[in-house]
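# Architecture at a glance
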Number of protein chains: 2
Amino acid sequence: MARILCVGIATLDQVFAVEAMPQRAEKYRAHDLAVTTGGTAANAAVAIARLGGKVGFFGALGEDRPGDEIIAGLEREGVDCAGVRRIAGRKSPLSAILVDRAGERVVISYSDPELPGSTAALPRSLPADVGAVLGDTRWQAGSAHFFRLARETGVPAVLDGDRAPREHPEVLELATHVAFSAQGLRDLTGSDDCRAGLESLSRSAAWFAVTTGAGGVFFRDGDIVAHEPAFTVEAVDTLGAGDTWHGAFALALAEGRGERAAIRFASAAAALKCTRFGGRDGAPSRAEVDVFLAAGARPA
Amino acid sequence: MARILCVGIATLDQVFAVEAMPQRAEKYRAHDLAVTTGGTAANAAVAIARLGGKVGFFGALGEDRPGDEIIAGLEREGVDCAGVRRIAGRKSPLSAILVDRAGERVVISYSDPELPGSTAALPRSLPADVGAVLGDTRWQAGSAHFFRLARETGVPAVLDGDRAPREHPEVLELATHVAFSAQGLRDLTGSDDCRAGLESLSRSAAWFAVTTGAGGVFFRDGDIVAHEPAFTVEAVDTLGAGDTWHGAFALALAEGRGERAAIRFASAAAALKCTRFGGRDGAPSRAEVDVFLAAGARPA
């Protein structure tokens, strides 16, 4: 079985369920709370593990209590954390997340500016059993490092483009596949229109897509922009849905599927995640995705 | 020296410093983070301790890690936590707080519906050295219990009216002094106008006021509504300012000051708190308040 390496940020998330998003500088009461690990790359790693993939996480954390909780949470899910560096005197990343009745979420996160830092301790070549690398924009130097190794061995290098990679823009060229969020594509191109944003990207080697939640996935197929609709579900909590999508997409590529089939698999996994509260705690198992697709779930 | 009892909620607060309040269901990065104890009554207790008062906190917490952190944080500040009940299987309250560049804050909090629960373990009479009781609306049964004891011994019973006390509305009658937030007064009276809201309250035994931040304090003085302006400061973080105000106000009453002098003292303490980031971590010492007032600080 191929192994996936996920490179980037891991956080401790406090997920508050609220009636509606705050509109005034006042006090709001949450009706539910989940404390879980989070972070784009770490959530994708958990999604991959639940979908039956072998997965290792590379990133850096402080030598603090939240850091201990993050690693314990990832290891409970079967994510190999041998690649996590602990750095004394730094704060592990924390996020507060609000999820409203419509399942929409606001994420507020704090990352120590000194983390994750240096790539000096990272491996200099990719182990033979690695079938894909997934990197996020929170550790662009780390993603760039692993994307170079992936290019050398010819395995997919997937970038989760949840924002423009301004510190290391070369990750856009090093990646074989870039899947933006709508926010990330807008951040990079200045365009609020997903099709126009994709069309404005230079014709580089990478395959480009943008995930838009219930609006489905737009992707560049040669010179045209194609669209794959999302599955219709009752969304309870979209937190971690994008991360689940990226993890499932990288796993499907590592298993040898084509991009369109990988989109379909990833969109099913993300749709199932949205039906459950608690961020990445709601990521589905492989069996659940198989049942969902076998039951005749159809894109909207 | 008189002792103050603070009755109500204690939380673990994660305070995120953000550029501006979230407007979309997207991701936002904080540029600073403080993890500290919070909660209306507990913050007031810390403010009293810093102002040189003797203070005990009564409330309930889970037997969990956040509960341990909350008690350690209060005891470090000199707050007596012998009155805190720990309840197995319950979650201690957590809050996420966003503070923007203008110093405005949004508080999102989760409290276990089973906490703080029963008043059965509370003392049946007030110790002789207690000079005032301060209660919040998060544990209305506890506040009502201590307000009754305060009435028996004739010491001030101050309610922090940050929302309408719907479960135990009798606290409004049992309190000798009720100081609302603008949100609490609106919640109770339906009026967005502070003067009109105060005027609409029934002429019960309690003394009523509403604190409005930079807008100063409105209070019922006989049949008229009087106003005491706030001190002008460069606000960095208003989180915990109301709690600081209530703690300082109760302390001043316990020291035998009249209401108008107590408002002035409390407003100076709250103004100084607003000049520092980190929620109640920014509450001032007695010496700082004395210097601020002696330096000729004048209400706006």
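Moving on, we come to the sheet that holds strand β2 (residues 11-17) of chain B. What links the strands of a sheet is backbone hydrogen bonding, and the strands pair in either a parallel or an antiparallel sense. Within the open sheet, the five strands sit side by side as β3(A)-β8(B)-β7(B)-β2(B)-β4(B). Their pairing is mixed. Across the chains shown, the open sheet's two edge strands, defined by having one partner strand only, are β3 (27-30) of chain A together with β4 (32-38) of chain B. On average, each strand axis in the sheet is tilted by 20° relative to the strand beside it, whichever way the strands run. With seven bridges connecting them, β2(B) and β4(B) associate as antiparallel partners. By the bridge assignment for β4(B), B:D13 is matched with B:T36.

Let's shift gears to the environment of B:L12. Residue and element names in this part refer to chain B. Its place among the elements puts L12 in strand β2. On the basis of relative accessible area, L12 is assigned to the buried category, the value being 5%. The residues touching L12, leaving out its near neighbours within four places in the chain, are V35, T36, R65, P66, E69, I70, P93, L94 and S95.

A few words on the pattern of salt bridges. Under the definition given, this model contains 42 salt bridges over all chains. Here A:D68 makes a salt bridge to A:R86, at a shortest N to O gap of 2.8 Å. With A:D68 in helix α2 (residues 65-76) and A:R86 in strand β6 (residues 80-87), the pair connects residues that are 18 residues apart, well separated along the chain. For A:R276, the salt bridge is made with A:E288, and the minimal N-O distance between the two is 3.0 Å. Within this pair, whereas A:R276 is found in the loop between α8 (259-274) and α9 (286-294), its partner A:E288 is found in helix α9, the two being separated by twelve residues in sequence. Judged by relative accessible area, which is 27%, A:R276 ranks as partly exposed. According to the relative accessible area criterion, A:E288 is partly exposed, its value standing at 32%. Through salt bridges with shared partners, a single network forms among A:R24, A:E26, B:R186 and B:D192.

Here the focus is the interface of chain A and chain B. In this assembly, 37 residues from chain A lie in contact with 38 residues from chain B. For the chain A and chain B pair, buried surface summed over both sides reaches about 3,600 Å², with 49% attributable to carbon and sulfur atoms. Across the salt bridge formed by B:D162 and A:K27, the nearest N and O atoms sit 2.9 Å from each other. Our count for the contact surface shared by chain A and chain B stands at 22 residue pairs in polar contact (both at pLDDT 80 or more). Elements with a contribution of two residues or more to the side of chain A that touches chain B: β2 (11-17), β3, β4 (32-38), α2, β7 (94-99), β8 (105-110) and α5 (182-189) of chain A. Broken down by element, the side of chain A that touches chain B gets its largest block of residues, six residues, from β8(A). Split by residue class, the side of chain A that touches chain B holds 15 nonpolar, seven polar and 15 charged. Note that β8(A) and strand β3 (residues 27-30) of chain B share four bridges and pair parallel. Within β3(B), the residue paired with A:Y110 across the bridge is B:A30.

Looking now at the relation of the copies chain A and chain B. Least-squares fitting of chain A to chain B yields an RMSD of 0.0 Å, with the superposition described by an axial translation of 0.0 Å and a rotation of 180°. Viewed as a symmetry operation, the transformation between the two copies matches a two-fold axis. Every residue of chain A has its C-alpha some distance from the rotation axis, and the shortest such distance is that of A:A96, at 3.0 Å.

Moving on: the side chain of B:S267. In this structure, B:S267 sits in helix α8 (residues 259-274). Discounting chain neighbours no more than four positions away, the residues touching B:S267 are B:V217, B:F231 and B:W245.

Here we take up the packing of helix α7 (residues 241-254) of chain A against α8(A). Packed helix pairs are characterised by how far apart their axes lie and by the angle those axes make with each other. All names here are of chain A. The interhelical angle for the contact between α7 and α8, taken along N-to-C directions, is 145°, at an axis separation of 8 Å. In this structure, α7 crosses over α8, and the sense of that crossing is right-handed. Here A241, T244, W245, A248, F249, L251, A252 and L253 of α7 lie close against α8, whose contacting residues are E259, A262, I263, F265, A266, S267, A269, A270, K273 and C274. When its residues are assigned to classes, the contact of α7 with α8 shows 14 nonpolar, two polar and two charged.

So, on to the packing of aromatic side chains. Residues and elements named next belong to chain A. In the structure shown here, the tally under the stated rule is twelve aromatic pairs over all chains. On the basis of an interplanar angle of 15° and a centroid distance of 6.0 Å, the ring pair of F180 and F208 is categorised as stacked. Of the two residues, F180 sits in strand β11 (residues 177-181) while F208 sits in strand β12 (residues 207-211), which places them 28 residues apart along the sequence. The residues F180 and F208 share a single accessibility class, namely buried.

We now examine the confidence of the model for chain A. Of all residues in chain A, 98% attain a pLDDT of 70 or more, and the chain-wide mean is 92. Both confidence scores are given for the complex: pTM 0.75, ipTM 0.71.

What follows covers the state of the cysteines. All names here are of chain A. Considering all chains together, one arrives at zero disulfides over all chains under this definition. For C81, which is in no disulfide, the shortest distance to another cysteine sulfur is to C6 and amounts to 11 Å. Among the residues examined, C81 registers a relative accessible area of 7% and is labelled buried.

Moving on, we come to the environment of A:A157. Residue and element names in this part refer to chain A. Take A157: it is sitting in strand β10 (residues 157-161). A sequence separation of 75 residues divides A157 from A82, and the C-alpha atoms of the two residues are 21 Å apart. Dropping the residues within four chain positions of it, A157 is found in contact with V133, F147, A150, L174, A175, T176 and H177.

Below, the discussion takes up the sheet that holds strand β5 (residues 54-62) of chain A. Residue and element names in this part refer to chain A. An order of β6-β5-β1-β9-β10-β11-β12-β13-β14 is seen for the nine strands of this open sheet, with the pairing classed as mixed. With one partner strand each, in any of the chains shown, β6 and β14 (224-228) form the two edges of the open sheet. Geometrically, the sheet is characterised by an average inter-axis angle of 20° between neighbouring strands, direction not taken into account. Across the sheet, helix α3 (residues 140-153) touches β1 (3-7), β5, β9 (130-136) and β10, and the angle it forms with β9 is around 155°.

With that settled, consider α8(B). Residue and element names in this part refer to chain B. In this model, α8 (16 residues) spans 22 Å end to end at C-alpha, consistent with the 22 Å of a helix rising 1.5 Å per residue. When you tally the buried positions in α8, you get twelve out of 16 residues, the bulk of the element. Burial in α8 covers these residues: A262, I263, F265, A266, S267, A268, A269, A270, A271, L272, K273 and C274. Contacts made by the buried residues of α8 are with β12 (207-211), β13 (217-221), β14 (224-228), α7 (241-254) and α9 (286-294).

Quick look at the pairing of strand β13 (residues 217-221) of chain A now. The two faces of the sheet receive side chains in turn, since in a regular strand these alternate between them. Residues and elements named next belong to chain A. Counting buried residues along β13, four of its five residues qualify, which places the element largely inside the surrounding structure. Bridge count between β12 and β13: three bridges; the pairing is antiparallel. Directly across from A209, in β13, lies its bridge partner F219. Remark: five residues form the turn of the hairpin made by β12 and β13, two consecutive strands paired antiparallel; G213 in that turn has positive phi of roughly 65°. One ladder, built from five bridges, connects β13 with β14; its direction is antiparallel. Bridged to R220 within β14 is V225.

Here is what the cut-offs are and how they apply
Residues numbered from 1 in each chain as written. Chains lettered and ligands numbered in written order. Predicted model: local features only at pLDDT ≥ 70, side-chain atom pairs only at ≥ 80, totals over all residues. Heavy atoms only, no water. Pairing = 2+ DSSP bridges. Helix = DSSP H or I, 4+ residues; strand = E, 2+ residues; numbered from the N terminus. Axes fitted to C-alpha atoms, helices over the stretch in contact; angles between N-to-C directions. Buried < 20%, exposed > 50% of the residue type's maximum accessible area, 1.4 Å probe, protein only. Contact = heavy atoms within 4.5 Å. Salt bridge = Lys/Arg side-chain N within 4 Å of Asp/Glu carboxyl O. Buried area = accessible area lost by both parts, 1.4 Å probe. Polar contact = N/O pair within 3.5 Å; in protein donor to acceptor, adjacent residues only side chain to side chain. Nonpolar A, V, L, I, M, F, W, Y, C, P; charged D, E, K, R; others polar. Least-squares fit on C-alpha atoms with pLDDT ≥ 70 in both. Left-handed = near helix turned anticlockwise from the far one by under 90°. Phe/Tyr/Trp six-rings, centres within 6.5 Å; stacked < 30°, edge-to-face > 60°. pLDDT = per-residue confidence, 0-100. Disulfide = S-S within 2.5 Å. Expected span 1.5 Å × (residues − 1).

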